[in-house]
Number of protein chains: 2
Amino acid sequence: MNPPPRRPLTLRDVSEASGVSEMTVSRVLRNKGDVSAATRTKVQEAAKRLGYVPNKIAGSLASSRVNLVGVVIPSLSNMVFPEVLSGISERLDDTGLQPVVGVTDYLPEKEEKVLFEMLSWRPSGVIIAGLEHSEASEAMLRQAGIPVIEIMDVDGVQIDSCVGISHRRAGRMMAEQIIEAGYKRIGFMGTKMPRDHRARKRFEGFTRTLAKAGIEIADQDFYSGGSALAKGREMTQSMLERTPDVDFLYFSNDMIGAGGLLYLLEKGIDVPGQIGLAGFNGVELLDGLPMQLATMDACRKEIGLAAADMIAKHYAEGADSYERRIELEPKLALGQTLLRR
Amino acid sequence: MNPPPRRPLTLRDVSEASGVSEMTVSRVLRNKGDVSAATRTKVQEAAKRLGYVPNKIAGSLASSRVNLVGVVIPSLSNMVFPEVLSGISERLDDTGLQPVVGVTDYLPEKEEKVLFEMLSWRPSGVIIAGLEHSEASEAMLRQAGIPVIEIMDVDGVQIDSCVGISHRRAGRMMAEQIIEAGYKRIGFMGTKMPRDHRARKRFEGFTRTLAKAGIEIADQDFYSGGSALAKGREMTQSMLERTPDVDFLYFSNDMIGAGGLLYLLEKGIDVPGQIGLAGFNGVELLDGLPMQLATMDACRKEIGLAAADMIAKHYAEGADSYERRIELEPKLALGQTLLRR
DNA sequence: TTGAAAGCGCTAACAA
DNA sequence: TTGTTAGCGCTTTCAA
């Protein structure tokens, strides 16, 4: 067989091997322009035989079209963002576009760095989590001249387009349910993440709605690191010791909620009679728990799909082919842990 | 302020704005070569003021250096691959290298497609899950002339480098523990995924070791789709109905194992007295369960870190600066569900 | 320390 | 239907 080349093959190699001009080879390989069937076959065979892989760097420079989509997310360490990513990947699948992922760890400086790095590839679009960015990041996004989709959140001012849910509203909705069900002594548990604006907004929506009903949070606790399920357990235990008269626990994510639920059930506490519970996210995991935890679906995959859809449409049909703002409805699921008492 | 440009800025713009040649601007922006402090400042200010973002497409074409690393994984829908990805992302963080992710859905044809797409960016390396690839994929990887790191598995022939655990051995180790503990009627539950070679190898290692001890699998079941926790529950229930005398359940992942565990505990079945349990993966989640599920850590994050480390070393110090094969030790954790009876 | 020229591998635009 | 020419925006190389 052919000895493996040290130098990557170029169009010229295929051109020489097939006896067709570089330009025509390029046309065949991109399915662009009219090429006779005979030539087409000749070229395809030569390309395949040689094992030619086109060089997109050169192609993109020449055509100023880049089939990359930047995706900027804060973390990969719970299922939330991988699910969004999965939606993006799925929608982009047969568009010829490819996601490039950057992780910010919830740090604005890192977001700037990641964004700068990405934009230097002149991607066809950027999908970025959240509406809060540093001035520099925002300037870069505005200057880029490409579609920018801010995802997960709609409470604020978007740069270009956005898809997400209203976290304030999500917090409010859950508070309303809890109030309506008659709970009065409400504890809150969440993550210690001042930079997680969505969690913050949910909390705000939640506490404000309670306040309007004359209820103040009875106790609250925040964790960082470790197994969320275990932390939910621990925090629940401490909270019950500190504030034995709580009658409802609202968790900022389902994982700690599940931990709390398992703890209460083990202790033989009547859920939702003595204590009601609710989480947030609508993770699949909940289906397998001994009791359905009340939660609210954050539409993670849909958000990924919708965001990628905007980019895909922009890429294929232009800037005016899609809605610039999509607010999804977080679906409330009362499960069995939040019931009128 | 400056009106936002429709055309992205080029080196020439910075050159003109700073009164310095393009070449020198390029040197400043890359911290390459000797430039006087005065010139440096002038250029940096101009670049910042204009909001210049370099064009890596052009830079890469000119220098034939591409700071991209292709990452090819089968799925994003459980925590396994996001965790690997997280390790990769972390290690690559300050190397100037960036991951580009492709998802194959366990389909060889899609792997080929994704790989072709990636290689056409001439990345500095590829990290790819598994040792089993189609002929075409393998040919592409060999021809690429870049470091190729196959991850997660070491049972087979590597193309270039690999990092992972031996899944056959993992299966064997767990079987040995189960046998030693005195269990005899063993049920297996896993995913319906003929293409998941690692799960297959674990199962093989497991059954062969049992066979040597004269034990045959008493019952087995495979699921696809849905919430793993719920499926673990359901499958466990059906298996107990079908084969009431099983005394051990081996699950191919911790999530279904946790479902099984919750089910058994609810039913008041004595674990591990009447029935022992084990899963696979060592997910953090397990820390919060009512009882510690026996499992084996698959070293997911370490694999990501080590694979990215190889690429980073290759990029910075050349092809001979790292070990070509790293077999990690899956750590066995017997928890409380696999005990001598 | 700085600058000028050449060209990376491809594609847009035009010509044949 | 096919080929030719001229860059895309940068970096390499070499000269000043």
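Keep in mind that this is a model prediction, so the values were computed, not measured.

(A) Fine view of the overall build of chain A. A count of helical and extended segments in chain A gives 12 helices and 12 strands. For 341 residues, the compact-globule formula gives about 20 Å, and the C-alpha radius of gyration of chain A, at 26 Å, lies well above that figure. Considered along the principal axes of its C-alpha atoms, chain A spans approximately 85 × 45 × 30 Å. A total of 341 residues make up chain A; the buried ones form 55% of that total. Put simply, of all contacts in chain A between residues at least 6 apart along the chain, 69% involve residues at least 24 apart.

(B) How the structure looks around the protein's contact with DNA strand C. As a matter of local geometry, DNA strand C sits amid 23 residues, with A:Leu11, A:Ser26, A:Tyr52, B:Arg27 and B:Thr39 nearest to it. Residue B:Ser21 places a side-chain N or O atom 2.8 Å away from a phosphate oxygen belonging to DNA strand C. A distance of 2.9 Å separates a phosphate oxygen of DNA strand C from a polar atom in the side chain of B:Asp34. Classifying every residue of the surface near DNA strand C gives 10 nonpolar, nine polar and four charged.

(C) Molecular detail of the interface of chain B and chain A. Each partner contributes to the interface: chain B provides 58 residues, whereas chain A provides 58 residues. Between chain B and chain A, roughly 5100 Å² of surface is buried when both sides are summed, and carbon and sulfur atoms account for 62% of that area. Looking at the side of chain B facing chain A, the largest losses of area belong to B:Ile57, B:Trp121 and B:Arg122, adding up to 14% of the total buried there. The interface formed by chain B and chain A holds four salt bridges in total. When the shortest N-O distance is used, the salt bridge between A:Lys56 and B:Glu117 registers 2.7 Å.

Conventions adopted
Residues numbered from 1 in each chain as written. Chains lettered and ligands numbered in written order. Predicted model: local features only at pLDDT ≥ 70, side-chain atom pairs only at ≥ 80, totals over all residues. Heavy atoms only, no water. Helix = DSSP H or I, 4+ residues; strand = E, 2+ residues; numbered from the N terminus. Rg over C-alpha atoms; globule rule 2.2 N^0.38 Å. Buried < 20%, exposed > 50% of the residue type's maximum accessible area, 1.4 Å probe, protein only. Contact = heavy atoms within 4.5 Å. Near = heavy atom within 4 Å. Polar contact = N/O pair within 3.5 Å; in protein donor to acceptor, adjacent residues only side chain to side chain. Nonpolar A, V, L, I, M, F, W, Y, C, P; charged D, E, K, R; others polar. Buried area = accessible area lost by both parts, 1.4 Å probe. Salt bridge = Lys/Arg side-chain N within 4 Å of Asp/Glu carboxyl O.

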